[in-house]
Amino acid sequence: MAESVETRDVELLRRLAAGDDDAFLEIYHRHQAGLFRYAVHMTGSPESAADVVQETFLTLIRHTGNYDQAKGTPAAFLFGIARNHLRKLREKEGRYVPLSEELAQGLSAGENGDSWRTNGNGHSPPRRGQAEAILEGLERAQIAELLRDAILTLPDHYREPVTMCDLEGKSYGEAAILLECPVGTVRSRLNRARSMLLDKLRPARLGPKANWARPGGK
Amino acid sequence: MNDEMTCREFDEIVHEFVRMELLDVSVREAALQHAEHCEPCARRMADATALAVASEMIGQSAQGAQTPARVETSLLTAFQKHHRRASWRRTLEWASVGAAAAVLLVFLWTVSGRPRGQSPSVPKKDVSSQSGMPLDAQAPATSKGDAASQAPDAAVADSSLSETYVASDFVPVPFTGAISADDPGMIVRVQLTPASLAQLGYPVAETPDQELVLADVLVGEDGWPRGVKLIQ
């Protein structure tokens, strides 16, 4: 199935290079949504994401001939272009991602010595306020909002696997193809990123206790 | 590993465990057993679950997101413009190649067809309306003085090169400036009425009336006629 998708994409790229409007529209419709969501998750801004998608396809129009089938799939080629544009966008804007107020406060508390430290057994020693699971007491929507902001604070190489696997539901293998790195790298970065996210969210605990997050409670 | 899973080991697998990505049954059982007896790890598991649920929520909320329609419109326009330009570029490239090939062929034909030892013929040049002398359309481009002295010889050479240049030499058009040796002027063959010939300063008495006359007009770089020469 994946192979036929790739074959179709390669065929479309070939026709696109010859100036076929329909081929361009078809390849655009096949990939724009995935690229847009990826860019939204990476930038936190639909406007910037739309710009990234536009720049990605403009690059494709101008440099269709740069695609080399031996180096990867057309989808990976497009994601590679999008990643480059995201990198340029960040360099150009020198942007700092706006954090929600609660998360910003929580992070600054963490910087003041309240970070998750591990003991020899891999866990932090019990401290005041840690008797409950750190995300208990938050509404789902609240957690989602905080998580969205926390993801934006991750370094790129951690944010990318989180975006692809946890938000977009891609397998490790699919993410590895798009990120052009080994599956093991995706896996280890993802694990590390998830732990970082928990650490970032931990100080944001608010409100009354809620048990929705218990295992099996979803 | 069953009973001996440490908190560090638990920490390494907890996210995959709650997302059901951990398929090894024995490891799953060991993790569950560890969480039952370790309160911090049980909390860690709850947090990891909350994180997984929140991630799923974010993913689902963005599921229907599409790039704004204006992007598609502007991209399609850019695509068509790009390929129109590319098509023109290709056409121009081919035209350039064709022109270069034609020039090369003419050059080769000229070089191979010319009698040995004869200098390349350059039509026109060195015409002065001030001199009042007949102008030589086939004289090689040299200085004005040289042209005046070489005109008779060149006129002889003309007749051997082109049988049509037999009727007369160029007659300068009155009240026009001199044409210099390096002026890349050109000769235009036209049909003229006797009246037009008279306007160009040609002695019309020498031409039959009521007939169009075939003539070569020597035109300077500025577009003004400098000399006229009858062909028949």
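Every chain begins its residue count from 1, and numbering advances along the sequence as written. Key to labels: chains lettered from A, ligands numbered from 1, both in the order written. Local features in a predicted model are, by the rule used here, given only for residues with pLDDT of at least 70; side-chain atom pairs are given and counted only at 80 or more, and totals for whole chains, interfaces and linings are based on all residues.

Q: Please set out the overall build of chain A residue by residue, giving values where relevant.
A: Secondary structure assignment for chain A yields nine helices and zero strands. We call a residue exposed when 12 or fewer other C-beta atoms sit within 10 Å of its C-beta, buried when the count reaches 20 or more, and partly exposed for counts in between; the C-beta positions come from the backbone. Burial analysis of chain A (218 residues in total) assigns 39% to the buried set. In chain A, of all internal contacts separated by at least 6 residues, the share reaching a separation of at least 24 is 70%. Secondary structure elements are taken from DSSP: a helix is a run of H or I of four residues or more, a strand is a run of E of two residues or more, and numbering for both begins at the N terminus. By the convention adopted here, residues are in contact when the distance between their C-beta atoms, placed from the backbone, does not exceed 7 Å.

Q: Tell me about the environment of Thr 176 of chain B, and please be specific about residues and values.
A: Summarising the element assignment, Thr 176 of chain B is placed in the loop between β1 (171-172) and β2 (186-192). Here the alpha-carbon distance between Thr 176 of chain B and Arg 226 of chain B, two residues 50 residues apart in the chain, equals 6.5 Å.

Q: Go over the pairing of strand β3 (residues 213-219) of chain B, please, and point to the residues and values.
A: Residue and element names in this part refer to chain B. Being paired, for any two strands, means DSSP has found at least two bridges between them. With seven bridges connecting them, β2 and β3 associate as antiparallel partners. Directly across from Leu 192, in β3, lies its bridge partner Val 213. Pairing of β3 with strand β4 (residues 225-230), which is carried by five bridges, proceeds in the antiparallel orientation. Its bridge partner being in β4, Ala 215 is matched across the sheet by Leu 230.

Q: Give a detailed account of the packing of helix α7 (residues 156-167) of chain A against helix α8 (residues 172-179) of chain A, specifying residues and quantitative values.
A: All names here are of chain A. An axis is simply a line fitted to the C-alpha atoms; with a helix, the fit covers only the stretch in contact. Between two such axes, the angle follows the N-to-C directions and lies from 0 to 180 degrees. For the pair α7 and α8, interaxial distance at closest approach is 9 Å and the crossing angle is 135 degrees. Comparing their axes, α8 and α7 come out oblique. Along this stretch, α7 crosses α8, giving a crossing that reads as right-handed. Residue-level inspection shows Glu 160, Pro 161, Met 164 and Cys 165 of α7 in contact with α8, the latter providing Tyr 172, Ala 175, Leu 178 and Leu 179. Per-class residue counts for the contact of α7 with α8 are seven nonpolar, no polar and one charged. Note that the term roughly parallel is reserved for angles under 35 degrees, roughly antiparallel for angles over 145, roughly perpendicular for angles of 65 to 115, and oblique for everything else. In this scheme the handedness of a crossing depends on how the near helix is turned from the far one: anticlockwise by less than a right angle means left-handed, clockwise means right-handed. Three categories are distinguished: nonpolar for Ala, Val, Leu, Ile, Met, Phe, Trp, Tyr, Cys and Pro, charged for Asp, Glu, Lys and Arg, and polar for the others, with Gly belonging to the last.

Q: How would you explain the sheet that holds β3 of chain B if you had to name every residue and give the values?
A: Overall, antiparallel pairing links the four strands, which are arranged β1-β4-β3-β2 (chain B) in an open sheet. Here the strands that pair on one side only, and so sit at the sheet edges, are β1 and β2 of chain B.

Q: Give me the packing of helix α3 (residues 46-62) of chain A against helix α4 (residues 74-93) of chain A: which residues, what numbers.
A: All names here are of chain A. Their axes nearest at 9 Å, the elements α3 and α4 cross at an angle of 125 degrees. One way to sum up the angle between α3 and α4 is to call them oblique. In terms of crossing hand, the pair formed by α3 and α4 is right-handed. Packed against α3, whose contacting residues are Ser 48, Val 52, Glu 55, Thr 56, Thr 59 and Leu 60, the element α4 presents Leu 78, Ile 81, Ala 82, His 85, Leu 86 and Leu 89 at the interface. Residues that form the contact of α3 with α4 fall into these classes: seven nonpolar, four polar and one charged.

Q: Could you give an account of helix α6 (residues 140-152) of chain A, naming the residues involved and the relevant values?
A: With 13 residues, α6 of chain A should reach 18 Å at 1.5 Å per residue; the first-to-last C-alpha distance of 18 Å fits that figure. By the burial criterion, the buried members of α6 of chain A are Ile 143, Ala 144, Leu 146, Leu 147, Arg 148, Asp 149, Ala 150 and Ile 151 of chain A. Helix span, expected: 1.5 Å multiplied by one less than the number of residues in the helix.

Q: Describe unusual backbone geometry, listing the residues and the values that go with them.
A: A positive phi is found at Glu 180 of chain A, a non-glycine position, where the angle reads about 55 degrees. Relative to the elements of secondary structure, Glu 180 of chain A occurs in the loop between α8 and α9 (183-201). Of note in the backbone geometry, Met 20 of chain B takes a positive phi value of approximately 60 degrees without being a glycine. Positionally, Met 20 of chain B belongs in the loop between α1 (7-18) and α2 (25-37). What makes Met 20 of chain B exposed here is the crowd of 9 C-beta atoms within 10 Å.

Q: An account of the nonpolar core is needed here, citing residue identities and associated values.
A: Within the largest apolar cluster, 67 residues are counted, with the highest numbers of intra-cluster contacts made by Ala 39, Val 53, Leu 78, Ala 82, Leu 147 and Leu 197 of chain A together with Leu 51 of chain B. Leu 197 of chain A has contacts with Leu 147, Ala 150 and Ile 151 of chain A together with Leu 51 of chain B, leaving out every residue within four places of it along the chain. Put simply, a nonpolar core is buried Ala, Val, Leu, Ile, Met, Phe, Trp, Tyr and Cys residues tied into one set by C-beta atoms within 7 Å. One finds Leu 200, Val 213, Ala 215 and Val 228 of chain B within the second-largest nonpolar core, a separate group that totals 10 residues.

Q: A description of the confidence of the model for chain A should follow, citing residues and the corresponding values.
A: Regions with low pLDDT should not have their predicted coordinates read in detail. Residue and element names in this part refer to chain A. pLDDT gives the predictor's per-residue confidence on a scale running from 0 to 100. With 71% of its residues at a pLDDT of 70 or more, chain A has an overall mean of 77. In the model, residues 99-132 has pLDDT below 50 throughout and makes 42 contacts with residues more than four positions away in sequence or in other chains. Across residues 206-218, confidence stays below pLDDT 50; counting only partners more than four residues off in sequence or on other chains, it has 29 contacts.

Q: Report on the confidence of the model for chain B, specifying residues and quantitative values.
A: Residue and element names in this part refer to chain B. Across chain B, pLDDT averages 73, with 70% of residues at or above 70. Counting interchain partners and residues more than four positions distant, the pLDDT-below-50 stretch residues 117-167 has 84 contacts. Interface confidence for the predicted complex, expressed as ipTM, amounts to 0.70; the pTM equals 0.57.

Q: Go over the interface of chain B and chain A, please, and point to the residues and values.
A: Taken together, the contact pairs 37 residues of chain B with 42 residues of chain A. No other element matches helix α3 (residues 39-61) of chain B, which puts 15 residues into the side of chain B that touches chain A. Considered class by class, the residues forming the side of chain B that touches chain A number 20 nonpolar, 11 polar and six charged.

Q: Tell me about α7 of chain A, and please be specific about residues and values.
A: Counting buried positions over the 12 residues of α7 of chain A gives nine, a clear majority of the element. Taken as a whole, α7 of chain A has its buried residues at Arg 159, Glu 160, Pro 161, Val 162, Thr 163, Met 164, Cys 165, Asp 166 and Leu 167 of chain A. In the core, the buried residues of α7 of chain A are packed alongside α2 (21-43), α6, α8 and α9 of chain A together with α3 of chain B. Positive backbone phi, approximately 75 degrees, marks Gly 169 of chain A, located one or two places after α7 of chain A.

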